[in-house]
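Read off the chains here:
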Amino acid sequence: QLFSEVAKELSPKVKSLDGQGLTMAAWAFATAGCKSQPLFSSISRHARSLLPTMSPQGLSNLAWSFASLKVSSVTLFEALAATASTQLGRFNPHDLATFASAFAMQRHRPSSCPLLMDSLAAATLYRCEAKDTMEPKYLARIGWAFASLGHPAPDLMRRLKSEALRPSRVKFDAQQLAMTAWALAVFDMLDAQTLCRLAREFVDRLEGSADDLEDESLHCLFQAELAVMLQ
(Lines give C-alpha, C1' and ligand atoms only; values in the text may rest on other atoms or scores of the structure.)
Protein backbone atom coordinates (compact mmCIF):
# COMPACT_ATOMS: atom_id res chain seq x y z
CA GLN A 1 0.00 0.00 0.00
CA LEU A 2 2.82 2.39 0.87
CA PHE A 3 4.62 1.82 -2.44
CA SER A 4 1.35 2.21 -4.34
CA GLU A 5 0.87 5.64 -2.82
CA VAL A 6 4.48 6.58 -3.49
CA ALA A 7 4.09 5.48 -7.12
CA LYS A 8 1.07 7.75 -7.57
CA GLU A 9 3.01 10.70 -6.15
CA LEU A 10 6.19 9.95 -8.08
CA SER A 11 4.81 9.24 -11.56
CA PRO A 12 4.08 12.92 -12.45
CA LYS A 13 7.53 13.95 -11.16
CA VAL A 14 9.60 11.45 -13.14
CA LYS A 15 10.55 14.06 -15.75
CA SER A 16 12.38 16.04 -13.10
CA LEU A 17 14.68 13.14 -12.17
CA ASP A 18 18.14 12.65 -13.60
CA GLY A 19 19.52 9.27 -14.68
CA GLN A 20 20.65 8.29 -11.21
CA GLY A 21 17.31 9.28 -9.71
CA LEU A 22 15.40 7.22 -12.25
CA THR A 23 17.56 4.17 -11.62
CA MET A 24 17.24 4.49 -7.85
CA ALA A 25 13.47 4.80 -8.10
CA ALA A 26 13.16 1.73 -10.34
CA TRP A 27 15.57 -0.26 -8.17
CA ALA A 28 13.69 0.60 -4.96
CA PHE A 29 10.39 -0.65 -6.36
CA ALA A 30 12.02 -3.76 -7.83
CA THR A 31 13.75 -4.78 -4.61
CA ALA A 32 10.45 -4.34 -2.79
CA GLY A 33 8.70 -6.44 -5.43
CA CYS A 34 6.21 -3.67 -6.10
CA LYS A 35 5.12 -3.34 -9.74
CA SER A 36 3.55 -0.10 -10.87
CA GLN A 37 2.98 -0.10 -14.61
CA PRO A 38 2.21 3.66 -14.87
CA LEU A 39 5.37 4.53 -12.95
CA PHE A 40 7.62 2.20 -14.92
CA SER A 41 6.10 3.38 -18.20
CA SER A 42 7.03 6.94 -17.23
CA ILE A 43 10.53 5.85 -16.20
CA SER A 44 10.97 4.01 -19.50
CA ARG A 45 9.95 7.02 -21.59
CA HIS A 46 12.15 9.46 -19.72
CA ALA A 47 15.16 7.17 -19.21
CA ARG A 48 15.85 6.53 -22.88
CA SER A 49 17.28 10.00 -23.47
CA LEU A 50 19.37 9.81 -20.28
CA LEU A 51 20.99 6.41 -20.82
CA PRO A 52 24.27 7.89 -22.19
CA THR A 53 24.70 9.78 -18.91
CA MET A 54 24.28 6.71 -16.71
CA SER A 55 27.07 4.71 -15.13
CA PRO A 56 27.52 0.97 -15.84
CA GLN A 57 25.91 0.25 -12.49
CA GLY A 58 22.99 2.50 -13.36
CA LEU A 59 22.43 0.82 -16.72
CA SER A 60 22.59 -2.68 -15.27
CA ASN A 61 20.37 -1.85 -12.29
CA LEU A 62 17.79 -0.20 -14.52
CA ALA A 63 17.67 -3.24 -16.80
CA TRP A 64 17.45 -5.59 -13.81
CA SER A 65 14.64 -3.57 -12.20
CA PHE A 66 12.41 -3.89 -15.26
CA ALA A 67 13.31 -7.55 -15.79
CA SER A 68 12.82 -8.65 -12.19
CA LEU A 69 9.30 -7.19 -12.12
CA LYS A 70 8.56 -8.56 -15.61
CA VAL A 71 7.79 -5.07 -16.89
CA SER A 72 8.03 -5.25 -20.67
CA SER A 73 9.57 -2.27 -22.46
CA VAL A 74 10.93 -3.16 -25.88
CA THR A 75 12.00 0.38 -26.70
CA LEU A 76 13.91 0.75 -23.41
CA PHE A 77 15.76 -2.53 -23.83
CA GLU A 78 16.59 -1.64 -27.44
CA ALA A 79 18.09 1.60 -26.17
CA LEU A 80 19.89 -0.15 -23.30
CA ALA A 81 21.45 -2.63 -25.72
CA ALA A 82 22.61 0.11 -28.07
CA THR A 83 24.02 2.24 -25.26
CA ALA A 84 25.79 -0.54 -23.38
CA SER A 85 27.31 -2.27 -26.42
CA THR A 86 30.07 0.33 -26.68
CA GLN A 87 30.62 0.68 -22.91
CA LEU A 88 30.86 -2.90 -21.64
CA GLY A 89 34.61 -2.58 -21.16
CA ARG A 90 33.82 -0.27 -18.23
CA PHE A 91 31.43 -2.74 -16.57
CA ASN A 92 32.70 -4.65 -13.55
CA PRO A 93 31.86 -8.39 -13.20
CA HIS A 94 28.76 -7.72 -11.10
CA ASP A 95 27.41 -5.22 -13.62
CA LEU A 96 28.12 -7.56 -16.54
CA ALA A 97 26.28 -10.43 -14.85
CA THR A 98 23.36 -8.24 -13.83
CA PHE A 99 23.00 -6.74 -17.30
CA ALA A 100 23.21 -10.09 -19.09
CA SER A 101 20.76 -11.69 -16.67
CA ALA A 102 18.26 -8.88 -17.19
CA PHE A 103 18.10 -9.49 -20.93
CA ALA A 104 17.77 -13.22 -20.35
CA MET A 105 15.00 -12.72 -17.79
CA GLN A 106 13.13 -10.54 -20.28
CA ARG A 107 13.66 -13.15 -23.01
CA HIS A 108 14.17 -10.07 -25.18
CA ARG A 109 16.38 -10.09 -28.26
CA PRO A 110 16.70 -6.49 -29.49
CA SER A 111 17.78 -5.76 -33.03
CA SER A 112 21.28 -5.05 -31.72
CA CYS A 113 21.35 -8.23 -29.63
CA PRO A 114 24.10 -10.01 -31.62
CA LEU A 115 26.40 -7.02 -31.18
CA LEU A 116 25.46 -6.73 -27.51
CA MET A 117 26.02 -10.41 -26.74
CA ASP A 118 29.31 -10.53 -28.66
CA SER A 119 30.46 -7.46 -26.72
CA LEU A 120 29.32 -9.07 -23.45
CA ALA A 121 31.31 -12.21 -24.25
CA ALA A 122 34.42 -10.19 -25.08
CA ALA A 123 34.13 -8.08 -21.92
CA THR A 124 33.63 -11.18 -19.77
CA LEU A 125 36.65 -12.95 -21.26
CA TYR A 126 38.72 -9.82 -20.77
CA ARG A 127 37.79 -9.79 -17.09
CA CYS A 128 38.62 -13.49 -16.84
CA GLU A 129 41.96 -13.33 -18.64
CA ALA A 130 43.41 -9.84 -18.28
CA LYS A 131 41.85 -8.73 -15.04
CA ASP A 132 41.30 -12.12 -13.35
CA THR A 133 38.41 -10.63 -11.39
CA MET A 134 35.52 -12.77 -12.64
CA GLU A 135 34.13 -14.68 -9.66
CA PRO A 136 32.27 -17.97 -10.27
CA LYS A 137 28.92 -16.49 -9.23
CA TYR A 138 29.17 -13.91 -12.00
CA LEU A 139 30.59 -16.20 -14.68
CA ALA A 140 27.87 -18.80 -14.10
CA ARG A 141 25.12 -16.18 -14.36
CA ILE A 142 26.55 -14.85 -17.61
CA GLY A 143 26.78 -18.35 -19.03
CA TRP A 144 23.17 -18.97 -18.03
CA ALA A 145 22.13 -15.74 -19.75
CA PHE A 146 23.81 -16.70 -23.03
CA ALA A 147 22.17 -20.13 -22.93
CA SER A 148 18.76 -18.64 -22.10
CA LEU A 149 19.01 -16.32 -25.11
CA GLY A 150 20.43 -19.09 -27.30
CA HIS A 151 23.38 -16.94 -28.34
CA PRO A 152 26.47 -19.09 -28.99
CA ALA A 153 29.78 -17.90 -27.57
CA PRO A 154 32.19 -20.86 -27.85
CA ASP A 155 35.21 -19.16 -26.28
CA LEU A 156 33.15 -17.97 -23.33
CA MET A 157 31.56 -21.40 -22.82
CA ARG A 158 34.95 -23.11 -22.95
CA ARG A 159 36.20 -20.70 -20.31
CA LEU A 160 33.14 -21.36 -18.18
CA LYS A 161 33.69 -25.11 -18.48
CA SER A 162 37.37 -24.91 -17.56
CA GLU A 163 36.71 -22.63 -14.59
CA ALA A 164 33.98 -24.93 -13.24
CA LEU A 165 36.31 -27.93 -13.40
CA ARG A 166 39.49 -26.19 -12.25
CA PRO A 167 40.56 -26.82 -8.64
CA SER A 168 40.83 -23.42 -7.05
CA ARG A 169 40.39 -21.57 -3.82
CA VAL A 170 37.14 -19.98 -4.98
CA LYS A 171 34.81 -22.74 -6.15
CA PHE A 172 31.44 -22.80 -7.84
CA ASP A 173 28.59 -23.51 -5.43
CA ALA A 174 25.86 -26.06 -6.16
CA GLN A 175 23.57 -23.60 -7.92
CA GLN A 176 26.38 -22.24 -10.09
CA LEU A 177 27.46 -25.76 -11.06
CA ALA A 178 23.90 -26.63 -12.08
CA MET A 179 23.59 -23.45 -14.15
CA THR A 180 26.93 -24.19 -15.79
CA ALA A 181 25.97 -27.76 -16.67
CA TRP A 182 22.74 -26.58 -18.26
CA ALA A 183 24.42 -23.79 -20.22
CA LEU A 184 27.02 -26.19 -21.61
CA ALA A 185 24.30 -28.68 -22.53
CA VAL A 186 22.36 -26.02 -24.45
CA PHE A 187 25.35 -25.52 -26.74
CA ASP A 188 26.23 -29.24 -27.00
CA MET A 189 29.41 -28.73 -25.01
CA LEU A 190 28.62 -31.16 -22.19
CA ASP A 191 29.82 -34.75 -22.42
CA ALA A 192 29.12 -37.58 -19.99
CA GLN A 193 32.52 -37.30 -18.29
CA THR A 194 32.14 -33.58 -17.67
CA LEU A 195 28.59 -34.04 -16.42
CA CYS A 196 29.76 -36.70 -13.93
CA ARG A 197 32.48 -34.39 -12.62
CA LEU A 198 30.09 -31.47 -12.27
CA ALA A 199 27.48 -33.70 -10.62
CA ARG A 200 30.02 -34.97 -8.07
CA GLU A 201 31.04 -31.41 -7.28
CA PHE A 202 27.36 -30.49 -7.06
CA VAL A 203 26.72 -33.17 -4.43
CA ASP A 204 29.83 -32.17 -2.47
CA ARG A 205 28.67 -28.53 -2.34
CA LEU A 206 25.36 -29.50 -0.76
CA GLU A 207 27.24 -30.27 2.46
CA GLY A 208 24.63 -32.78 3.55
CA SER A 209 21.72 -30.36 3.32
CA ALA A 210 19.63 -29.28 0.33
CA ASP A 211 17.34 -26.98 2.30
CA ASP A 212 18.67 -23.83 0.62
CA LEU A 213 18.84 -25.32 -2.86
CA GLU A 214 16.51 -23.71 -5.38
CA ASP A 215 14.24 -25.88 -7.52
CA GLU A 216 15.69 -24.18 -10.59
CA SER A 217 19.12 -25.68 -9.79
CA LEU A 218 17.75 -29.22 -9.75
CA HIS A 219 15.80 -28.49 -12.93
CA CYS A 220 18.97 -27.23 -14.67
CA LEU A 221 20.93 -30.30 -13.62
CA PHE A 222 18.15 -32.65 -14.72
CA GLN A 223 17.92 -30.97 -18.13
CA ALA A 224 21.69 -31.20 -18.53
CA GLU A 225 21.63 -34.92 -17.72
CA LEU A 226 18.76 -35.48 -20.16
CA ALA A 227 20.66 -33.66 -22.91
CA VAL A 228 23.70 -35.90 -22.42
CA MET A 229 21.52 -39.03 -22.45
CA LEU A 230 20.01 -37.95 -25.77
CA GLN A 231 23.34 -37.33 -27.47
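Residues numbered from 1 in each chain as written. Predicted model: local features only at pLDDT ≥ 70, side-chain atom pairs only at ≥ 80, totals over all residues. Heavy atoms only, no water.

(A) Up close: the overall build of the protein. Each helix and strand in the protein was counted, giving 12 helices and 0 strands. Rg of the C-alpha trace for the protein: 19 Å, near the compact-globule value of 17 Å for 231 residues, within the 12% margin. Dimensions of the protein, computed from the C-alpha atoms along their principal axes, are close to 60 × 40 × 35 Å. Sorting the 231 residues of the protein into buried and exposed places 52% on the buried side. (Helix = DSSP H or I, 4+ residues; strand = E, 2+ residues; numbered from the N terminus. Rg over C-alpha atoms; globule rule 2.2 N^0.38 Å. Buried < 20%, exposed > 50% of the residue type's maximum accessible area, 1.4 Å probe, protein only.)

(B) Representation of the nonpolar core within the structure. L62 and L80 are the most contacted members of the largest nonpolar core, which totals 82 residues. Apart from residues no more than four positions distant in its own chain, L80 is found in contact with L51, L59, L62, A63, F99 and F103. (Core = buried A, V, L, I, M, F, W, Y, C linked by side-chain atoms within 4.5 Å. Contact = heavy atoms within 4.5 Å.)

(C) Structural view of the side chain of S60. Considering the arrangement of structural elements, one finds S60 in helix α4 (residues 56–68). One polar contact links the side chain of S60 to the main-chain carbonyl oxygen of Q57, over a distance of 3.0 Å. If near-sequence neighbours (up to four positions away) are discounted, S60 is found in contact with D95, T98 and F99. (Polar contact = N/O pair within 3.5 Å; in protein donor to acceptor, adjacent residues only side chain to side chain.)

(D) Spotlight on unusual backbone geometry. Even without being a glycine, K70 presents a positive backbone phi close to 55°. Relative to the helices and strands, K70 resides in the loop between α4 and α5 (74–85). At D188, a residue that is not glycine, the phi angle is positive and equals roughly 55°. Residue D188 is classed as exposed on the basis of its relative accessible area, which comes to 64%.

(E) Seen up close, the side chain of S44. In this fold, S44 is placed in helix α3 (residues 37–47). A polar atom in the side chain of S44 sits 2.6 Å from the side chain of S73. Once residues lying within four places of it in the same chain are set aside, the contact partners of S44 are F66, S73, T75 and L76.

(F) Main features of the state of the cysteines. Applying the stated criterion across every chain, the model contains 0 disulfides. Note on C220: no disulfide assigned, nearest cysteine sulfur contributed by C196 at a separation of 18 Å. Residue classification places C220 among the buried residues on the basis of a relative accessible area of 4%. (Disulfide = S-S within 2.5 Å.)

(G) Quick look at the packing of aromatic side chains. Under the definition given, this model contains 4 aromatic pairs. Ring centres 5.8 Å apart and planes at 75° place the aromatic pair F91 and F99 in the edge-to-face group. Within the aromatic cluster, the residues linked to one another by ring pairs are F77, F91, F99 and F103. (Phe/Tyr/Trp six-rings, centres within 6.5 Å; stacked < 30°, edge-to-face > 60°.)

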